[in-house]
Amino acid sequence: MLHHSKKADIAFKLMEDRKGMRNLLFHLTAVVIYMDLLYEGEKYEQVVKCYEELDRSQKYKHLPLRNHMTLAMAALYKMNSQQALEKATELVQATYHNSKRITSPRTRAYAAALALNQNNPDLALEILKLSVESDFVQSLNTALKIIALSRLDQVDAAMELLDKYHVQTSISYDKPSKIFPDCIEALSEMVDRNDDPQIKQTFTDTKMDLEKAQLINNVSIFDKLCDTILNSRPDNEHIQNLQDKRGRQVRDHHRY
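Examining the overall build of the protein chain
Along the backbone of the protein chain there are 14 helices and zero strands. Its helices and strands in sequence order give the protein chain the pattern α-α-α-α-α-α-α-α-α-α-α-α-α-α, from N to C terminus. For the protein chain, buried positions account for 46% of its 256 residues. The long-range share in the protein chain, meaning contacts at least 24 apart out of those at least 6 apart in sequence, stands at 71%.

Okay, here's the thing in structure tokens:
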């Protein structure tokens, strides 16, 4: 009800009432709704603190907190500071080393984008490599990887990913995926720093083909990340493992 009414301040007071309503409200589904309300109310520090409290809790140490972590990482992305990046890196790496937890692709996208915003493409790549992911063009992480590789002048790897978008110009797709303009800009700057005329020509031709096919997005990937928090529910295998271990299904019901 408070979420529907956008009453973040009232919800915060209730959750901080540690002798009263908090004990009733502090369970995973209620907390993720509460965190979402705080996020929409731009109370980003409280979102992160709430996640950290969950993460430290022995009660939830065996449970997947992907939805909660996605919100925490989105809040850190919004904060966009060096301190936020340090906290994001700490949380992502800690989760990576915890075999009971799984980070969602969107969680890693927020952390990597934050690293790019803080001019740290090396760290962005390191974060994106914390999970084995296919380089699908539908993935925001593929676009972020192109930007990071381009800024690091890893020409072959960046151009190889660009080609995954380019192949759509010669094959019919029902819903082709558009490359983000930030990728084109980063690639263009990389090519300008490169002395190989063949690389420059290949990029120019590819860019023209993408423009003709209308496959260049008009929305920045960094703006896209601010628009929505997509679904990142735990995968079925992980849920089954939890069922076998605890004798019951554990799943958060929310929209991430």
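We are not done yet, so read on.
Regarding the nonpolar core
Core analysis: the biggest nonpolar cluster contains 71 residues, and Met 73, Leu 76, Leu 144, Ile 179, Leu 187, Ile 221 and Phe 222 have the highest contact counts within it. If we skip the residues at most four places from it in the chain, Leu 187 touches Ile 146, Ser 150, Ala 158, Met 159, Leu 162 and Phe 203.

What about the pattern of salt bridges?
Within this structure, the stated rule accounts for three salt bridges. Glu 52 is paired through a salt bridge with Lys 87; the nearest N and O atoms lie 2.6 Å apart. With a gap of 35 residues between them, Glu 52 in helix H4 (residues 44-56) and Lys 87 in helix H6 (residues 82-96) connect regions that are remote in the sequence. Accessibility expressed as a relative area gives 17% for Glu 52, which makes it buried. The salt bridge involving Glu 90 is made with Lys 87; its shortest N-O contact spans 3.6 Å. Taken as a pair, Glu 90 and Lys 87 lie in helix H6 at a separation of three residues, close to a single helical turn. In this structure Glu 90 comes out as partly exposed when scored by relative accessible area, which is 45%.

A few points about the packing of helix H9 (residues 140-151) against helix H11 (residues 181-193)
Where H9 meets H11, the closest approach of the two axes is 8 Å, and the angle between their N-to-C directions is 20 degrees. Compared by their axis directions, H9 and H11 come out roughly parallel. For the element pair H9 and H11, the recorded crossing hand is left-handed. Only Asp 182, Cys 183, Ala 186, Leu 187, Met 190 and Arg 193 of H11 make contact with H9, whose side of the interface consists of Ala 143, Ile 146, Ile 147, Ser 150 and Arg 151. Of the residues contributing to the contact of H9 with H11, the split by class is seven nonpolar, one polar and three charged.

A short note on the confidence of the model for the protein chain
For the protein chain, the mean per-residue pLDDT works out to 80, and 72% of the residues sit at or above 70. Low pLDDT (under 50) marks residues 1-7, which in the prediction has twelve contacts with non-local residues, meaning those over four places away or in another chain. In this model residues 230-256 is a low-confidence stretch, pLDDT under 50, and it forms 60 contacts with partners more than four residues away in sequence or in other chains.

A short note on helix H3 (residues 28-40)
Between the first and last C-alpha of H3 there are 18 Å, a value that for 13 residues agrees with the 18 Å anticipated at 1.5 Å per step. For H3, the set of buried residues is Leu 28, Val 31, Val 32, Tyr 34, Met 35, Asp 36, Leu 37, Leu 38 and Tyr 39. One or two residues past the end of H3 sits Glu 42, with phi positive at roughly 60 degrees.

Focus: the environment of Ala 109
With respect to the helices, strands and loops of the structure, Ala 109 is situated in helix H7 (residues 105-117). A relative accessible area of 1% places Ala 109 in the buried class. In this structure the C-alpha to C-alpha distance between Ala 109 and Thr 142, which are 33 residues apart in sequence, comes to 9.3 Å. Not counting residues up to four positions away in its chain, the partners in contact with Ala 109 are Asn 141, Leu 144 and Leu 225.

With respect to the packing of aromatic side chains
On inspection of all chains with the given rule, the structure shows two aromatic pairs. Where Tyr 77 meets Tyr 110, the ring centres are 5.6 Å apart and the plane angle is 50 degrees; that geometry is what we call tilted. With Tyr 77 in helix H5 (residues 66-79) and Tyr 110 in helix H7, this residue pair connects regions lying 33 residues apart in the sequence. Accessibility expressed as a relative area gives 5% for Tyr 77, which makes it buried. Judged by relative accessible area, Tyr 110 falls into the buried class, the value being 0%.

What about helix H12 (residues 197-212)?
Turn by turn, an α-helix covers 3.6 residues, leaving residues three or four places apart pointing in a common direction. Compared with the 22 Å implied by 1.5 Å per residue over 16 residues, the 23 Å span of H12 between its first and last C-alpha is a close match. Where H12 is buried, its residues touch helix H10 (155-166) and H11. Put simply, Asp 196 is the residue that caps the front of H12, since its side-chain oxygen is 2.9 Å from the backbone nitrogen of Gln 198. Backbone geometry just after H12 places Gln 214 at a positive phi near 55 degrees.

Parameters at a glance
Residues numbered from 1 in each chain as written. Predicted model: local features only at pLDDT ≥ 70, side-chain atom pairs only at ≥ 80, totals over all residues. Heavy atoms only, no water. Helix = DSSP H or I, 4+ residues; strand = E, 2+ residues; numbered from the N terminus. Buried < 20%, exposed > 50% of the residue type's maximum accessible area, 1.4 Å probe, protein only. Contact = heavy atoms within 4.5 Å. Core = buried A, V, L, I, M, F, W, Y, C linked by side-chain atoms within 4.5 Å. Salt bridge = Lys/Arg side-chain N within 4 Å of Asp/Glu carboxyl O. Axes fitted to C-alpha atoms, helices over the stretch in contact; angles between N-to-C directions. Parallel < 35°, antiparallel > 145°, perpendicular 65-115°, else oblique. Left-handed = near helix turned anticlockwise from the far one by under 90°. Nonpolar A, V, L, I, M, F, W, Y, C, P; charged D, E, K, R; others polar. pLDDT = per-residue confidence, 0-100. Expected span 1.5 Å × (residues − 1). Phe/Tyr/Trp six-rings, centres within 6.5 Å; stacked < 30°, edge-to-face > 60°. Polar contact = N/O pair within 3.5 Å; in protein donor to acceptor, adjacent residues only side chain to side chain.

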